[in-house]
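Fold and geometry: a report
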Amino acid sequence: MKKPDKLNHNQAKKRLAWLAIAIKEHDQRYYQEDAPTISDAEYDSLRRENDYIETAFPELIRSDSPSRRVGASPSRGFSKVQHHVPMLSLGNAFTESDVEDFLARIHRFLNLDSKNTLGLIVEPKIDGLSISLRYERGHFSRGATRGDGFEGENVTENLRTLMEIPDRISGQAPDVLEVRGEVYINHSDFALLNQNREKNGATPFANPRNSAAGSLRQLNPAETAKRPLRVFCYAWGEVSDQFWRTQSEFYDQLSLWGFPVNPLSKVCYNLDEVLETYRVIETQRAFLDYDIDGVVYKVDRLDLQERLGFVSRAPRWAIAHKFPAEKATTVLRDIEIQVGRTGALTPVARLEPVTVGGVVVSNATLHNADEIKRKDIRIGDTLRVQRAGDVIPQVVEVVLEARPKDSAPYIFPNVCPCNQKTLTVRAPGEAVTRCSGEFSCPFQKVNRLKHFVSRDAFNIEGLGVKQVEAFFKLGWIRVPSDIFDLKNHKVVLSELEGWGEKSVSNLLTAIEDCRKISLDRVIFALGIRQTGQATSNLLAYHYENFQNWISAMLLAAKERSECISTVKTPEKVGGAFFELCSIDGIGISMADDLCNFFSDHRNVVELNRLAEILTIQDFQRPESNNSEVSGKTVVFTGSLDTMTRAEAKAGAEKLGAKVSGSVSRKTDFLVAGPGAGSKETKAKELGITILNEQEWRLLTGLDG
Ligand code: IVH
């Protein structure tokens, strides 16, 4: 780092501009993508440098300076919270004899003879992250992560967004009450979350636990609110009045207060019963929608817990009986290379089907070329695979003793499977290998088309993944604009299997209806690297109309290509590029990807074609102050007649409303159509205004 006193005015100005953008980009990677590219120390040093320069040149402080940014704490992370009652951990038992020892220790400690029945509550060990929720006079006042057990992070606002965490405790509660539990994400929600991330060009999370951790640590609570976090509560910290006498009584009380408690908990009275319950939970594991990595045993009576106390940082009265990682061995039949929309080559292990923890596994991810090399995985090898908390099975290791004599190391293809000719490339420092034939690779082409018609893009009814594949094979659609020429194949199409006059006419109508489309959707539909829904929105918001956006991008791409400098100083590159990088939420590498897209004339030709055949609506800024629903939280449930759910959502958001998937005390309106179920019941219970579709249209000015 150059000391500020060594910088002249001009250099300082440039450096501050660079720092503003670089820090913004790193924040984006850290908080939004959960994929930082620099260490915390390097990041802190950038911020320090920014502070030094600003102190030396106060007149140069930018309005978008990282030191001024609203919503972000001065340095990365959250403020600290002291746990007055520490959040301790649990000792582990791995075998039945460990459990027997645990019980014997307790008996010894309490001087109970072995005939004395000792109640133990047996419950799943949730594989999430522990949190502490503080209530003062019944109101949720502070939420914290575990941290090192003594000091955690203040994530109150993020925890407030969890549906399952009551904002107020119903019924009588101690003046001060800290409830502790585990935050997690369901398997089904995790799969959806990752699907969306992939769709938006973000790196998918490795497992539900990581995604829960990343989601809880978002700097922007609105981001956390979008993540399907859940909680199970199982302990308490500081309490001003502890009137429950057993652990199980506490769980009943938690339920009455409105906290989720795991339904599988059971009180057992001897070793056999305890182990039997462990086995039952272990069998249920494969069918649970959340990850558990063991079973916890806790002495039920609190007077006994108190007597037993703690040893080092774990209670004597509780233990975690861990499940063995679910593993199996099977043979690797083949390695298949899948090519995504951006040309990324992903190796997938095709396995001899094998049951792992109750689930038949026939594929496992191999991640990338480095992973195969590191584990020296060869076709024909016997592999140990596991599903240890992860949804996608992983390869643990090769069983070398079983390796066929004639096996050979796997050579990662240097040509794409699309035609066995196009070379693959790997950018320095990147783990991903890509097909270089962006426009000739049929996999990329067809995947781009699938993306173009996907739900958050053009969302053309009747034109899904299967139809796109079929029309692509027939050569009818090669680039997105061809979709609007499908009418030319009407006669042949209605003769194809699975198609009739009616379905063809419906499809063609749906396609025609899509000609009128919003700018953000068009941008998203193009499938530009790193330009997901959020970025598309930012671009649409900033550039307002299609022509503006295209001109600006073309100019930025031109400036970028003319700038040979490798120094990442956007203002040096040029005005349009600098403007692009200055949009809050858009970093240099995103801007580079946009420029790359616009530097290819084939993309420009296609964009011009789209501009001709589509009616792309200018971006509508939320008329926040004029609308009745601005700033309000809305939930849609049941079916809608006049619009799709996605449309209704977009419409509400345009008016400045927040659309939520579930009803809570924070909900202002529930728009309920036919078939509304539990959401309507809950809304009624909470006294939330319920509107039918017509009333919603009137309220939002869609009608009348
Ligand atoms: S009781 C004083 N019960 O496991 C002990 N912990 O390895 C309080 N965990 O830090 C913890 N499920 O994050 C308890 N049913 C459960 C649990 C559970 C998951 C986690 C918790 C704890 C860790 C200890």
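Analysis parameters
- Think of each chain on its own: its residues are numbered from 1, step by step along the sequence as written.
- Confidence filtering applies because this is a predicted model: local features only for residues at pLDDT of at least 70, side-chain atom pairs given and counted only at 80 or more, and all residues used for totals across whole chains, interfaces and linings.
- The side-chain quantities take in all heavy atoms of the structure and omit both hydrogens and water.
- When we say a residue is near a molecule or strand, we mean one of its heavy atoms is within 4 Å of it.
- We define a polar contact as two N or O atoms separated by no more than 3.5 Å, with the added condition that, inside protein, one atom must be a possible hydrogen donor and the other a possible acceptor, whereas residues neighbouring each other in sequence contribute only through side-chain atom pairs.
- Only DSSP runs of H or I reaching four residues or more are called helices, and only runs of E reaching two or more are called strands; each is numbered from the N terminus.
- In the scheme used here, Gly and all other residues not listed as nonpolar or charged are polar, with Ala, Val, Leu, Ile, Met, Phe, Trp, Tyr, Cys and Pro taken as nonpolar and Asp, Glu, Lys and Arg as charged.
- Here a strand pair is declared whenever DSSP counts at least two bridges between the two strands.
- Working definition: rings of Phe, Tyr and Trp (its six-membered ring) pair if their centres are within 6.5 Å, and the pair is stacked with planes under 30 degrees apart, edge-to-face with planes over 60 apart, and tilted otherwise.
- Each residue's exposure class comes from its accessible area (1.4 Å probe, protein chains only) as a fraction of the maximum for that residue type: buried when under 20%, exposed when over 50%, partly exposed otherwise.
- For a Lys NZ or an Arg CZ to count as sitting over a ring, it must be within 6 Å of the ring centre and within 35 degrees of the ring normal.
- All axes here are fitted lines through C-alpha atoms, helices being fitted over the stretch that makes contact, and every angle between N-to-C directions spans 0 to 180 degrees.
- Between two residues, a contact is recorded if the distance between any of their heavy atoms is within 4.5 Å.
- Just to be clear on terms, a salt bridge is a Lys or Arg side-chain nitrogen sitting within 4 Å of an Asp or Glu carboxyl oxygen.
- What pLDDT reports is the predictor's confidence in each residue, on a scale of 0 through 100.
- Remark: nonpolar core denotes a set of buried residues (Ala, Val, Leu, Ile, Met, Phe, Trp, Tyr, Cys) joined through side-chain atoms within 4.5 Å.
- Angle categories are assigned with fixed cut-offs, so that under 35 degrees is roughly parallel, over 145 is roughly antiparallel, 65 to 115 is roughly perpendicular, and the rest are oblique.
- To estimate how far a helix should extend, the number of its residues minus one is multiplied by 1.5 Å.
- This arc is built from the directions going out from the helix axis to the C-beta atoms.

**Some thoughts on the site of the ligand**
- In the vicinity of the ligand lie 13 residues, with Glu123, Ile126, Glu182, Tyr234 and Lys298 positioned nearest.
- Contact between the ligand and glutamate 123: a nitrogen atom at 2.6 Å from a side-chain N or O atom of the residue.
- In the environment of the ligand, an oxygen atom lies 3.1 Å from a nitrogen or oxygen atom belonging to the side chain of serine 130.
- For the shell around the ligand, the elements supplying multiple residues, two or more each, are strand 3 (120-126) and strand 10 (292-299).
- Looking at the shell around the ligand element by element, the count peaks at 4 residues for strand 3.
- Partitioning the shell around the ligand into residue classes produces 7 nonpolar, 1 polar and 5 charged.

**Examining the pairing of strand 15 (residues 344-356)**
- In the sheet, strand 14 (residues 327-339) pairs with strand 15 via 7 bridges, with the strands oriented antiparallel. Each residue of the ladder has a partner; that of aspartate 334, found in strand 15, is arginine 350.
- Here strand 14 hands over to strand 15 after 4 residues, with glycine 343 in that stretch at a positive phi of 90°.
- The pairing of strand 15 with strand 20 (residues 433-435) spans 2 bridges and is classified as antiparallel. Pairing of alanine 344 across the sheet is with arginine 434, part of strand 20.

**Things to note about the packing of aromatic side chains**
- The final tally for this structure, using the stated rule, is 24 aromatic pairs.
- Ring geometry for tyrosine 410 versus phenylalanine 412: centroids 6.5 Å apart, planes at 85°, classification edge-to-face.
- On the basis of an interplanar angle of 70° and a centroid distance of 6.1 Å, the ring pair of phenylalanine 458 and phenylalanine 484 is categorised as edge-to-face. Here phenylalanine 484 lies in the loop between helix 13 (465-473) and helix 14 (490-495) and phenylalanine 458 lies in the loop between helix 12 (442-452) and helix 13, a separation of 26 residues in the sequence.
- Residue classification places phenylalanine 484 among the buried residues on the basis of a relative accessible area of 1%.
- Ring-pair connections join several aromatic residues into one group, and the members of that group are Trp236, Phe243, Trp244, Phe250, Tyr251 and Trp257.
- Above the face of the phenylalanine 439 ring, arginine 448 is positioned so that its terminal group lies 5.4 Å from the ring centre.

**Thoughts on the sheet that holds strand 5 (residues 139-145)**
- Read from one edge of the open sheet, 4 strands run 5-4-7-8, paired in antiparallel fashion. In this open sheet, the two strands that pair with only one neighbour each are strand 5 and strand 8 (229-239). Averaged over all neighbouring strand pairs, the angle between strand axes comes to 30°, with direction disregarded.
- Here 8 bridges tie strand 4 (residues 129-136) to strand 7 (residues 176-185), and the two strands are oriented antiparallel to one another. For glutamate 136, the partnering residue across the bridge sits in strand 7 and is valine 176.
- Contacts between helix 6 (residues 208-216) and the sheet are confined to strand 4, strand 5, strand 7 and strand 8, with strand 7 contributing the most and set at about 130° to the helix.

**Focus: the pattern of salt bridges**
- According to the stated counting rule, one finds 38 salt bridges in the structure shown.
- As a salt-bridge pair, glutamate 123 and lysine 298 come within 2.7 Å of each other at their nearest N and O atoms. Taken together, the residues glutamate 123 in strand 3 and lysine 298 in strand 10 connect sequence positions 175 residues apart. Side by side, glutamate 123 and lysine 298 carry an identical accessibility label, which is buried.
- The partner of glutamate 430 in a salt bridge is arginine 434, with the nearest N and O atoms 3.5 Å apart.
- A relative accessible area of 14% places arginine 434 in the buried class.

**Some words on the pairing of strand 17 (residues 382-386)**
- Among the 5 residues in strand 17, 4 count as buried, and that is most of the element.
- Judged from the 4 bridges that link them, strand 17 and strand 18 (residues 394-398) form a sheet pairing that is antiparallel. Along strand 18, the bridge assignment pairs glutamine 386 with glutamine 394.

**Observations concerning the confidence of the model for the protein**
- Per-residue confidence for the protein gives a mean pLDDT of 88, with 92% of residues at or over 70.
- Low pLDDT, under 50, characterises residues 70-75; the predicted model gives this stretch 6 contacts beyond four residues in sequence or across chains.

**Thoughts on the nonpolar core**
- Core analysis: the largest hydrophobic core is formed by 61 residues, its most contacted members being Phe458, Ile460, Phe471, Ile483, Leu539, Trp549 and Leu580.
- Core analysis: the second largest hydrophobic core is formed by 34 residues, Leu133, Leu229, Val261 and Leu302 among them.

**Examining the packing of helix 21 (residues 588-599) against helix 22 (residues 601-613)**
- Contact geometry for helix 21 and helix 22: axes closest at 5 Å, N-to-C directions at 80°. With respect to each other, helix 21 and helix 22 are oriented roughly perpendicular. Residue-level contacts link Phe597, Phe598 and Ser599 of helix 21 to His601, Asn603, Val604 and Leu607 of helix 22.
- Residue classes in the contact of helix 21 with helix 22 are distributed as 4 nonpolar, 3 polar and no charged.

**Quick look at helix 15 (residues 501-513)**
- The terminal C-alpha atoms of helix 15, which comprises 13 residues, lie 18 Å apart, in line with the 18 Å expected from a rise of 1.5 Å per residue.
- Of all the residues in helix 15, the buried ones are Val504, Leu507, Leu508, Ala510 and Ile511. Along helix 15, the residues classed as buried sweep out an arc of 155° about the axis, all on the same side. Residues of helix 15 that are exposed and angled more than 90 degrees away from the buried face: Glu501, Lys502 and Asp513.

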